[in-house]
Amino acid sequence: MERFFTLVCLLGLLSACTAPIPNPLPTHPEIDSGSNRAQLSRGTAEGNHPAELRYGRYTLVSTEPTTEQRDLLAQIIDVSIPSSLNPSVQEALQYVLQRSGYSLCPDTAAVRVLFTRPLPAAHYRLGPISLRSALQVLAGPAWQLTTDEVGRSVCFEQQKADDDIVRVTPGSSHQPEARP
């Protein structure tokens, strides 16, 4: 029994002896940002700019802009349009575009048909959805979304009717699909 106890103590002492783990980050490029210390990561994106920064002990952040920051219409939104407004499609489009960086193009005769329509009840709640998709859903399939990136405005053009698209009219009867 005494041998067993001695062997266990010896193994315990040996397991406590470890080599120090090398630090993968360079220690010289430290940036002090208040209470958090930011350290540059190994890789650099372009030139001398770091691709990632380590904040504190466990947080690693990218210095690259996100997709939503590069393409403002790709940002994900979650919108509930107040039902008390009883909004038109134009008012709903303006509501969705708030704080997006874009504005709705001026009201012209071509889009007045779209803008004066009442908003369908199914469109009072949208999201999570990209801003581009939300605008297209609000306008409907008959309208094509166009953007002016310089002026950051959003417009709509009526789509051309294709010959191979079959239009369903309210008077037509529903026929079951023929399956091979």
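Model, not experiment: these values are computed from the prediction.

Secondary structure summary: the protein chain contains five helices and nine strands in total. What you see in the protein chain, going N to C, is helices and strands ordered as α-β-β-β-β-α-β-α-β-α-β-α-β-β. By the burial criterion, 24% of the 180 residues in the protein chain qualify as buried. When the accessible area of the protein chain is evaluated, it comes to approximately 13800 Å², of which 55% is carbon and sulfur surface.

Mapped onto the elements, Arg-152 comes out in the loop between strand E8 (143–148) and strand E9 (153–158). On the accessibility criterion, Arg-152 (42% relative accessible area) is partly exposed. Setting aside residues no more than four positions away along its own chain, Arg-152 makes contact with Leu-72, Gly-101, Tyr-102 and Ser-103.

Take the nonpolar core next. Counting residues in each nonpolar core, the largest one holds 27 residues, and the members touching the most others are Leu-93, Val-96, Leu-135 and Phe-156. Counting only elements with at least two residues in this core, the list comes to strand E5 (76–80), helix H3 (89–97), helix H4 (109–115), strand E7 (125–130), helix H5 (131–139), E8 and E9. Apart from the residues lying within four places of it in its own chain, the contact partners of Phe-156 are Leu-93, Leu-104, Cys-105, Val-111, Leu-114, Phe-115, Leu-135, Ala-139, Trp-143, Gln-144, Leu-145 and Thr-146.

Whether parallel or antiparallel, the strands of a sheet pair through hydrogen bonds between backbone atoms. Across the sheet, three strands lie side by side as E6-E9-E8; this open sheet has mixed pairing. The sheet is open, and its two borders are formed by strand E6 (103–104) and E8, each paired with just one other strand. Of the pairings in the sheet, the one linking E6 to E9 comprises two bridges and is parallel in character. Residue Leu-104 lies in a different strand from E9, and its bridge partner there is Val-154. Contacts from H5 reach E8 and E9 within the one sheet, and its direction differs from that of E8 by about 140 degrees.

What follows deals with the pairing of E8. Of the pairings in the sheet, the one linking E8 to E9 comprises six bridges and is antiparallel in character. Opposite Trp-143, over in E9, you have Gln-158 as the bridge partner. Once E8 ends, the chain turns through four residues before running back antiparallel as E9, passing Arg-152 with a positive phi of about 50 degrees.

Time to look at unusual backbone geometry. Most peptide bonds adopt trans geometry, and most residues besides glycine take a negative phi value. In this model, Gly-127 is joined to Pro-128 through a cis peptide bond whose omega is -5 degrees. Mapped onto the secondary structure, Pro-128 falls in strand E7. At Arg-99, a residue that is not glycine, the phi angle is positive and equals roughly 60 degrees. Among the secondary structure elements, Arg-99 is positioned in the loop between H3 and E6. By relative accessible area, Arg-99 is classed as exposed at 86%.

Attention now goes to the pattern of salt bridges. Across all of its chains, the model carries three salt bridges by this definition. Across the pair Arg-132 and Asp-71 runs a salt bridge, and its minimum N-O distance is 3.2 Å. Taken together, the residues Arg-132 in helix H5 and Asp-71 in the loop between helix H2 (67–70) and E5 connect sequence positions 61 residues apart. Note on Arg-132: relative accessible area 35%, which makes it partly exposed. Exposure remark for Asp-71: the relative accessible area of 26% places this residue in the partly exposed category. The partner of Asp-107 in a salt bridge is Arg-112, and the shortest N-O contact between them spans 3.7 Å.

The rules behind each value
- In every chain, residue numbers begin from 1 and rise along the written sequence.
- A pLDDT threshold of at least 70 governs which residues receive local features in this predicted model, and a stricter bar of 80 or more applies before side-chain atom pairs are shown or counted, although totals over entire chains, interfaces and linings include all residues.
- To get the side-chain values, take all heavy atoms of the structure and skip hydrogens and water.
- Each helix corresponds to a stretch of at least 4 residues labelled H or I by DSSP, and each strand to a stretch of at least 2 residues labelled E; elements are numbered beginning at the N terminus.
- Each residue is placed in one exposure class: buried if its accessible area under a 1.4 Å probe, protein chains only, is under 20% of its type's maximum, exposed if it is over 50%, and partly exposed if it falls in between.
- Per-residue and other accessible areas were derived by the Shrake-Rupley procedure at a 1.4 Å probe size, with only the shown protein chains allowed to occlude residues.
- Whether two residues are in contact is decided by their heavy atoms: any pair within 4.5 Å suffices.
- Note on terminology: a nonpolar core comprises buried Ala, Val, Leu, Ile, Met, Phe, Trp, Tyr and Cys residues joined through side-chain atoms within 4.5 Å.
- For two strands to count as paired, DSSP must find a minimum of two bridges between them.
- Axes here mean lines fitted to C-alpha atoms, for a helix over just the part in contact, with angles spanning 0 to 180 degrees between N-to-C directions.
- The working definition used for a salt bridge is a side-chain nitrogen of Lys or Arg within 4 Å of a carboxyl oxygen of Asp or Glu.

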